[in-house]
Every structure is written in C-alpha cells, then in structure tokens.
Amino acid sequence: VVSFPREVVSFTDFHKHGFGIPASDFIHGFLYEHGVQLHHLPPNAVLQLASFVAVCESFLGIAPNKDLFRVGFEVKTRKAHGSDGSVLAPMGGMNLQTC
C-alpha cells in the first residue's frame, strides 16, 4: 500500500450518507504511521479514533498523542488470504480494540 500524507481513499457511497474525511492531524498521523488508508479501517475504528481525539481536545484539554492512545487501544491487523499472507486485507484489514 502506497500512502501519501494528507491523501485518503474512500468510497462515494460513504459521502452520500454524510461521511467526511477526518480533519484531525492525529488521525492523519495514525494512518501514515501504520501505512494504511481509511478504507482499511471498519467504521467502528474510525469512530474510535474520532472519539479519542474529541475526548483529548474537548474534555482533557490536551492534544491527542500516541502514548495515551496506546494505553486505551490496541491495533489489530488482518492479513489477506494469499500465498505469502503478509498483505493487509484490502477492506477492514485493521481494527482497534479497547484495552
């Protein structure tokens, strides 16, 4: 997967139902750091990322950061079926689990 900063792949049907591209630098950094794009995440993972940002900025009054995120969440990946098994699944290949 080739990932470029500030670029995301999504589906037009998502936008028809009110979905917007995440504006948070934290979410863009998360996608870039893990080498994934938005379509690799299921909707609940996007919601968890956005909620984390909202809690940090609105309730805690701090900038969201990786260390705090790792305390509350674990990143899980699913590999695509193939001969080598090392490719991230093209849809829903990454998920977040609360700790």
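Please refer to the structure higher up on the page.
All values reported here derive from a predicted model rather than from experimental measurement.

Asks: Looking at this structure, how should I read the environment of Asn-44?
Replies: Positionally, Asn-44 belongs in helix α3 (residues 43-60). Distance in space between the C-alpha atoms of Asn-44 and Asn-95 is 8.2 Å, their sequence separation being 51 residues.

Asks: Any chance you could explain the packing of aromatic side chains here in plain terms?
Replies: Describing an aromatic ring pair means giving the distance of the ring centres and the angle of the ring planes. The full count for this structure, using the stated rule, is six aromatic pairs. Taken together, the ring pairs connect Phe-26, Phe-30, Phe-52, Phe-69 and Phe-73 into an aromatic cluster.

Asks: For this particular structure, what's the right way to read the pattern of salt bridges?
Replies: Opposite charge on two side chains makes pairing possible when the charged atoms of those side chains draw close. Applying the stated criterion across every chain yields a total of four salt bridges. Residue Lys-66 is joined to Glu-33 by a salt bridge in which the shortest nitrogen-to-oxygen separation is 3.6 Å. Highlighted residues: Lys-66 in helix α4 (residues 66-72) and Glu-33 in helix α2 (residues 25-34), separated in sequence by 33 residues. Relative accessible area serves as the criterion here: at 43%, Lys-66 is assigned to the partly exposed category. We classify Glu-33 as partly exposed; its relative accessible area is 40%.

Asks: So what exactly am I meant to see when it comes to the environment of Asn-65 here?
Replies: Inspection of the secondary structure puts Asn-65 in the loop between α3 and α4. The spatial distance from the C-alpha of Asn-65 to the C-alpha of Gly-29 is 9.9 Å, given a sequence separation of 36 residues. Residues within four places of Asn-65 in sequence aside, it is in contact with Phe-26 and Phe-52.

Asks: Which parts of the structure should I look at to understand the nonpolar core?
Replies: Proteins that are soluble and globular tend to have nonpolar side chains buried together. Among the nonpolar cores identified, the biggest contains 17 residues, and Phe-26, Phe-30, Leu-31, Leu-41, Leu-49, Phe-69 and Leu-96 are the most heavily contacted of them. Elements that contribute at least two residues to this core include exactly α2, α3 and β2 (94-98). If you tally residues by element for this core, the top one is α3, at six residues. Look past the residues within four positions of Leu-41 in its chain and what remains in contact with it is Phe-30, Leu-31, Val-46, Leu-49 and Met-94.

Asks: Please explain α3 as it appears in this structure.
Replies: Within an α-helix, residues lying three or four positions from one another point in the same direction, as the helix has 3.6 residues per turn. An ideal rise of 1.5 Å per residue puts 26 Å on 18 residues; α3 measures up with 24 Å between its terminal C-alpha atoms. When α3 is considered as a whole, its buried residues turn out to be Ala-45, Val-46, Gln-48, Leu-49, Phe-52, Val-53 and Cys-56. Residues of α3 that are buried sit in contact with α2, α4, β1 (73-77) and β2. Looking one or two places after α3, you find Gly-61, whose phi comes out positive at around 70°.

Asks: How do you make sense of the environment of His-28 when you look at a structure like this?
Replies: Inspection of the secondary structure puts His-28 in helix α2. Overall, His-28 belongs to the buried group, its relative accessible area being 14%. Between the C-alpha atoms of His-28 and Leu-38, which are ten residues apart in sequence, the distance is 9.3 Å.

The rules behind each value
- Residues numbered from 1 in each chain as written.
- Predicted model: local features only at pLDDT ≥ 70, side-chain atom pairs only at ≥ 80, totals over all residues.
- Heavy atoms only, no water.
- Helix = DSSP H or I, 4+ residues; strand = E, 2+ residues; numbered from the N terminus.
- Phe/Tyr/Trp six-rings, centres within 6.5 Å; stacked < 30°, edge-to-face > 60°.
- Salt bridge = Lys/Arg side-chain N within 4 Å of Asp/Glu carboxyl O.
- Buried < 20%, exposed > 50% of the residue type's maximum accessible area, 1.4 Å probe, protein only.
- Contact = heavy atoms within 4.5 Å.
- Core = buried A, V, L, I, M, F, W, Y, C linked by side-chain atoms within 4.5 Å.
- Expected span 1.5 Å × (residues − 1).

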